[in-house]
Amino acid sequence: MNDDKVTAVALGGMKARGERIAALTACDYFSARVVDGAGIDLILVGDSLGMVALGYRNTLPVTMEEMLHHTRAVSRGVRRALLVADMPFMAAGVSVEETVRNAGRFVKEAGAEAVKIEGGEEIGGHVRAVVRAGVPVLGHIGLTPQDVLVVGGYRVQGRGEEAARRLLDDARALRECGVFAVVLECVPSPVAASITAALDIPTIGIGAGPRCDGQILVLHDILGMYEGRAAKFMKVYADVGAAMREAAAAYAREVREGAYPDDAHSYR
Ligand code: KIV
């Protein structure tokens, strides 16, 4: 293992030292190389790839085979970051045996170093079994996109005293079951701050305000590579989506005008 390799355990040390954790998603080899080279600590092959790379309406149709395929590509591009693969809808939670088997496939067949599992206290037994089998688990509570049909949409979670207390209970239960960190998605800032203060493992926020131990965003979102409305927490750092549209249009124009290829781009 390289000296600077980020491990699940090392992220706990970062929290203890007050160092913020920078995490991003990636779903292909080139993006993984770029994101890893930029010094991102944790790279998640998120099931959001179903929407941003495969064109599904939500994350529910994403299969284990699709996740394994993308995780393999990303693993070839990652050297330093901790590589986490997302357990897709129904890959975790149906039975403990199946959850452990699926988690193990990400490690054995695709080069993942941890898996992420959506859900709170109710999924604790499965999380514990995966950790016992030797696969580190990243928890994910708050807005859990795999529950979109049950919840009826994508909404901020943990508003109000009772809902905030349930989230804290979920976070504590997952901690007891052995997760090395927990993603808090679309949670009011003060609630995320109090969960962060209550846990000795890192919280990684997405739409959960600035007082989490780390932040994660979807790579396509920070590059403007999406269509439709952006969530409030999303920030475009480089509008690659606009640059792609312009480049494709310029290429089409030059081909039609006979300007491409010119002599400089032709063999003699
Ligand atoms: O699938 C995903 O990309 C995620 C992150 C947004 C946390 O779950």
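Below, the structure is looked at part by part. (Residues numbered from 1 in each chain as written. Predicted model: local features only at pLDDT ≥ 70, side-chain atom pairs only at ≥ 80, totals over all residues. Heavy atoms only, no water.)

**Points about the layout of surface pockets**
Here comes step 1: Here the largest pocket defines a volume of roughly 1,200 Å³.
Here comes step 2: Together, 38 residues line the largest pocket, and Glu185, Asp221, Ala231, Phe233 and Met234 are the ones closest to its centre.
Here comes step 3: Looking at the lining of the largest pocket residue by residue, the classes come out as 21 nonpolar, six polar and eleven charged.
Here comes step 4: Roughly 640 Å³ of internal volume is contained in the second largest pocket.
Here comes step 5: Along the walls of the second largest pocket sit 33 residues, with Gly119, Gly120, Glu122, Thr144 and Asp147 positioned nearest its centre.
Here comes step 6: Looking at the lining of the second largest pocket, the elements with two or more residues in it are strand S4 (114-118), strand S5 (137-142), helix H7 (148-151) and helix H8 (161-177).
Here comes step 7: Classifying every residue of the lining of the second largest pocket gives 19 nonpolar, nine polar and five charged. (1 Å grid on protein atoms, 1.4 Å probe; cavity = no way out; pocket = protein on both sides within 12 Å on 5 of 7 lines; lining within 4 Å. Points joined across faces, edges and corners; volume = space filled by probe spheres on them. Nonpolar A, V, L, I, M, F, W, Y, C, P; charged D, E, K, R; others polar. Helix = DSSP H or I, 4+ residues; strand = E, 2+ residues; numbered from the N terminus.)

**Focus on the environment of Val100**
Here comes step 1: Following the sequence through the fold, Val100 ends up in helix H5 (residues 96-110).
Here comes step 2: Put simply, Val100 and Val131 are 31 residues apart on the chain and 8.7 Å apart in space, counted from C-alpha to C-alpha.
Here comes step 3: If we skip the residues at most four places from it in the chain, Val100 touches Ala129, Val130 and Ala133. (Contact = heavy atoms within 4.5 Å.)

**Quick look at the pattern of salt bridges**
Here comes step 1: Summed over the entire model, instances satisfying the criterion amount to 13 salt bridges.
Here comes step 2: The partner of Asp169 in a salt bridge is Arg165, with the nearest N and O atoms 2.7 Å apart. Separated by four residues within a single helix, Asp169 and Arg165 lie in helix H8, roughly one turn from each other.
Here comes step 3: A relative accessible area of 41% means that Arg165 is categorised as partly exposed.
Here comes step 4: The network of salt bridges with common partners includes Glu65, Arg72, Arg105 and Glu109. (Salt bridge = Lys/Arg side-chain N within 4 Å of Asp/Glu carboxyl O. Buried < 20%, exposed > 50% of the residue type's maximum accessible area, 1.4 Å probe, protein only.)

**With respect to a nonpolar patch on the surface**
Here comes step 1: A contiguous nonpolar surface patch, about 330 Å² in accessible area, is contributed by Tyr29, Phe30 and Val34.
Here comes step 2: Within the element layout of this structure, Val34 appears in helix H2 (residues 29-37).
Here comes step 3: On the basis of relative accessible area, Val34 is assigned to the partly exposed category, the value being 45%. (Patch = residues over 30% accessible without salt bridge, like charges linked within 9 Å, V, L, I, M, F, W, Y side chains within 5 Å. Areas by Shrake-Rupley, 256 points an atom, 1.4 Å probe, with all protein chains shown as cover.)

**Things to note about the sheet that holds strand S7 (residues 203-206)**
Here comes step 1: Strand order around the closed barrel formed by eight strands is S1-S2-S3-S4-S5-S6-S7-S8, with parallel pairing between neighbours. Neighbouring strand axes in the sheet, compared pairwise and without regard to direction, differ in orientation by 25° on average.
Here comes step 2: Bridge count between strand S6 (residues 181-185) and S7: four bridges; the pairing is parallel. Across the sheet, residue Val183 finds its bridge partner in S7, namely Ile204. (Pairing = 2+ DSSP bridges. Axes fitted to C-alpha atoms, helices over the stretch in contact; angles between N-to-C directions.)

**Section: the side chain of Asp36**
Here comes step 1: Structurally, the position occupied by Asp36 is in helix H2.
Here comes step 2: A polar atom in the side chain of Asp36 sits 2.8 Å from the backbone nitrogen of Ala81.
Here comes step 3: If sequence neighbours within four positions are ignored, Asp36 has contacts with Ile43, Gly77, Val78, Arg79, Arg80 and Ala81. (Polar contact = N/O pair within 3.5 Å; in protein donor to acceptor, adjacent residues only side chain to side chain.)

**Overview of unusual backbone geometry**
Here comes step 1: Cis geometry is found at the peptide bond from Tyr260 to Pro261, where omega equals 0°.
Here comes step 2: In this fold, Pro261 is placed in the segment after helix H11 (240-257).
Here comes step 3: Even without a glycine there, the phi angle at Met90 is positive, about 80°.
Here comes step 4: A positive phi angle, near 50°, is found at Cys186, a position not held by glycine.

**Things to note about empty space enclosed by the protein**
Rolled over the atoms, a probe with the dimensions of a water molecule shows which regions are left empty.
Here comes step 1: Taken as a whole and assessed by the stated rule, the structure comprises one cavity of 30 Å³ or more.
Here comes step 2: Space inside the largest cavity adds up to approximately 40 Å³.
Here comes step 3: Taken together, Thr25, Ala26, Cys27, Leu44, Val45, Gly46, Ser48, Leu49, Val52, Val218 and His220 make up the full set of residues lining the largest cavity.
Here comes step 4: Per-class residue counts for the lining of the largest cavity are seven nonpolar, four polar and no charged.

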